[in-house]
Number of protein chains: 2
Amino acid sequence: MQRRSFLKKAAVGLAAGSVAAPAIAQSNPKISWRLAASWPKSLDTLFGGADMIAKWVGEMTDGNFSIRTFAGGEIVPGLQVLDAVQNGTVELGHTAPYYYIGKDVGFAFGTCVPFGMNDRQSNAWWHFGGGNEVMEPLFTEYGVKALLSGNTGTQMGGWWRKPIKSLADIKGVKFRIGGLGGRVIAKIGVVPTMVAGADIYPSLEKGTIDAAEWVGPYDDEKLGFQKVAKYYYAPGWWEGGPRLMTLVNLKKWDELPKNYKVALETACHAANEWMMAKYDHENPKALRRLIAGGTQLRYFPKSVMEASEKGAYELYKEYMGKSKHWARIYPQWLAYRNEEIEWHRFNDNTYENYLWHSKIKAKI
Amino acid sequence: MQRRSFLKKAAVGLAAGSVAAPAIAQSNPKISWRLAASWPKSLDTLFGGADMIAKWVGEMTDGNFSIRTFAGGEIVPGLQVLDAVQNGTVELGHTAPYYYIGKDVGFAFGTCVPFGMNDRQSNAWWHFGGGNEVMEPLFTEYGVKALLSGNTGTQMGGWWRKPIKSLADIKGVKFRIGGLGGRVIAKIGVVPTMVAGADIYPSLEKGTIDAAEWVGPYDDEKLGFQKVAKYYYAPGWWEGGPRLMTLVNLKKWDELPKNYKVALETACHAANEWMMAKYDHENPKALRRLIAGGTQLRYFPKSVMEASEKGAYELYKEYMGKSKHWARIYPQWLAYRNEEIEWHRFNDNTYENYLWHSKIKAKI
């Protein structure tokens, strides 16, 4: 029996006093790593992604490669995960690269930019369309390896206290939004304000801000925005398919045996699928609860969408001269985006649109 | 150092003449399994999914759990993979469960049914919406465990020699299509004909059939249909988000150590993400080549879609009395489908539709 003869050989190797460990033990060293996430544990889909990676890697290696996950603020603040991985405070991080556009605006492409690709298109770009490769020099400059590990799908356009019927209605509104979305929406007169997750609800309640965006129905409901703002807008055009990433300290990565590298990579792949599926499961149910509670669903007027998109491309053009990484990545990304949207629209979206508009209802 | 002390302990345990193998070796037995796929190797995205699973599992276990993949026909014909796994001819299969609706029509839900969920909705149902659980008794009855391992996205509506402008145009057309799609389209007067992949091109050329569906631009182009049929229709409403599955012989599954089970499960998760991303990467490029070569893109008329959908639900109702598994699964599946479509339409599809219709074009 193959298994028995294998064990026998291993035992003989050791019993003969060989100091060099047998191959099997060499490739399964006991390693304990720490992962700093950008999320509180209450966001059980974002943080859950990190937890699943730790669980799968641990189980696949019989507990030899163990990863302990920490919420934002436990080891480092949620927005300093890149720094913590870079300087070796932790071996791993689970975060959204676009949190680091202050260091280099090119990091936006690690997550998403306004009017960019959806979840599936994002995955295609990253894994097959050269996305991973074109982003690598930037991540390497910061001493990390990035592994795609999650997506939220298209986010919602946030909670607004007053309805938006025209571009005029949106001007001067203090809107909690960060990153590139904030820079774009400022171009149409909105006042973007950055407020940490836990402070959004009180800020909305007190009127320090007039509106706020967060993620989507399932995560938003937990923070209680529906109690202080009535209008829930779609779509969140600044986050069409935001990627979350596991960042690995490059030196630590290089030290990993091959089997542990593949275990971690495969777990990250799987977490990407897991997270999108969990959001797709939870969001419809949360949306139904919100509507039952009085939330009013609204779409952004076309004028707001178009003015924002125009503003976005103006900004992207400006960045061509401001970041060498942006200048490398943006043209490659844009061509890919356009081709992907064309194909999805022709087939997948045609199917989806038909299903929604169909008046034929099944009876069981 | 943790690693060194671990090795020392392992060595001591063995050197002391302990016959019982140390934990680490027990959990990494040498195992060689064979996987029979339903696909030819030339379909490098479908067969590629099986290959990736084998590659990842092998690498994660340092080659101790090795899986050898075989194309359809190498060990068993492509449409007999379930039987081969059930009777232990092979330990693993990579196939589409709906090939086995002749055994029980409930198997359709393992892949897809006409007018069903798209890729993302399918994943949500399987992993979180009770899909895996509600399908388990059926797979168990056939002695296999099913692990979700791939998706093609919405398939195309096939190659037609004459344009379809109304329901009348489609009547009497000999169309190569299998499974439930064939049974549904027969209700509107099409003559469904089953022809194996390799025989489709000659059958179309000779006129034995008038039209044929296969997968999507990337796979269809390889079979050369564009040379003998001019009109390429969207969408393939009979396959909105078909799942591919790895089937594992249940007895063999139960014998696997926990770490190998998790390695295989995680690799299947990852293959699901990998395959969809590869299709999304390849399809737009293939579609462009086809159009450049003279292929004419067309949408099915609404009358054809609606008559087909009506026919589909009539059929689904009939099956309620014909398969106990269908009667269990269909109501659960239908409620989930309707909820998912509502949410996707409101947010993700709104975003996607905007992007496509937008007249604003970026200039670099």
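In the block above lies the structure referred to throughout.
Residues numbered from 1 in each chain as written. Chains lettered and ligands numbered in written order. Predicted model: local features only at pLDDT ≥ 70, side-chain atom pairs only at ≥ 80, totals over all residues. Heavy atoms only, no water.

Caption draft 1: Representation of the sheet that holds strand β4 (residues 144-151) of chain B within the structure. Residue and element names in this part refer to chain B. Pairing is mixed in the open sheet, where five strands are placed in the order β2-β1-β3-β10-β4. Each having just a single partner strand, β2 (65-70) and β4 make up the two edges of the open sheet. Strand-to-strand twist across the sheet, computed as the mean angle between neighbouring axes with direction ignored, equals 25 degrees. In this structure, strand β1 (residues 31-37) lies alongside β2, joined through six bridges in parallel fashion. Bridge pairing in β2 places leucine 35 opposite threonine 69. Across the sheet, helix α13 (residues 258-292) touches β1, β2, β3 (92-95), β4 and β10 (243-249), and the angle it forms with β4 is around 30 degrees. (Pairing = 2+ DSSP bridges. Helix = DSSP H or I, 4+ residues; strand = E, 2+ residues; numbered from the N terminus. Axes fitted to C-alpha atoms, helices over the stretch in contact; angles between N-to-C directions. Contact = heavy atoms within 4.5 Å.)

Caption draft 2: Region of the structure containing the packing of aromatic side chains. Residue and element names in this part refer to chain B. Under the defined criterion, the tally for this structure stands at 61 aromatic pairs over all chains. Relative to tryptophan 333, the ring of phenylalanine 109 has its centre 5.3 Å away and its plane inclined at 55 degrees; by these criteria the two rings are tilted. Note that phenylalanine 109 is positioned in helix α5 (residues 108-111) and tryptophan 333 in helix α15 (residues 324-357), a separation of 224 residues in sequence. For tryptophan 333, a relative accessible area of 4% translates into the label buried. Each ring, one from tyrosine 330 and one from tryptophan 333, has its centre 6.2 Å from the other, and the planes form 25 degrees; the classification is stacked. Pair noted here: tyrosine 330 and tryptophan 333 are both in helix α15, with a separation of three residues, about one helical turn. (Phe/Tyr/Trp six-rings, centres within 6.5 Å; stacked < 30°, edge-to-face > 60°. Buried < 20%, exposed > 50% of the residue type's maximum accessible area, 1.4 Å probe, protein only.)

Caption draft 3: Examining the side chain of Arg345(A) more closely. Structurally, Arg345(A) is set in helix α15 (residues 324-357). The buried charged residue Arg345(A) lacks any salt bridge, with Glu352(B) as its nearest oppositely charged partner at 7.4 Å. (Lys, Arg positive; Asp, Glu negative; His and termini not counted. Salt bridge = Lys/Arg side-chain N within 4 Å of Asp/Glu carboxyl O.)

Caption draft 4: Molecular detail of the interface of chain A and chain B. Contacts between the two partners involve 103 residues from chain A, matched on the other side by 103 residues from chain B. Both faces considered, chain A and chain B share a buried interface measuring about 9700 Å² in area, 64% of it formed by carbon and sulfur atoms. Inspection of the region where chain A meets chain B yields 10 salt bridges. For Lys258(B), the salt bridge goes to Glu59(A), with nearest N and O atoms at 3.6 Å. Summed over the shared surface of chain A and chain B, the result is 42 residue pairs in polar contact (both at pLDDT 80 or more). It is α15(A) that contributes the most residues to the side of chain A that touches chain B, 24 residues altogether. (Buried area = accessible area lost by both parts, 1.4 Å probe. Polar contact = N/O pair within 3.5 Å; in protein donor to acceptor, adjacent residues only side chain to side chain.)

By themselves, these are just geometric observations and shouldn't be taken as functional.
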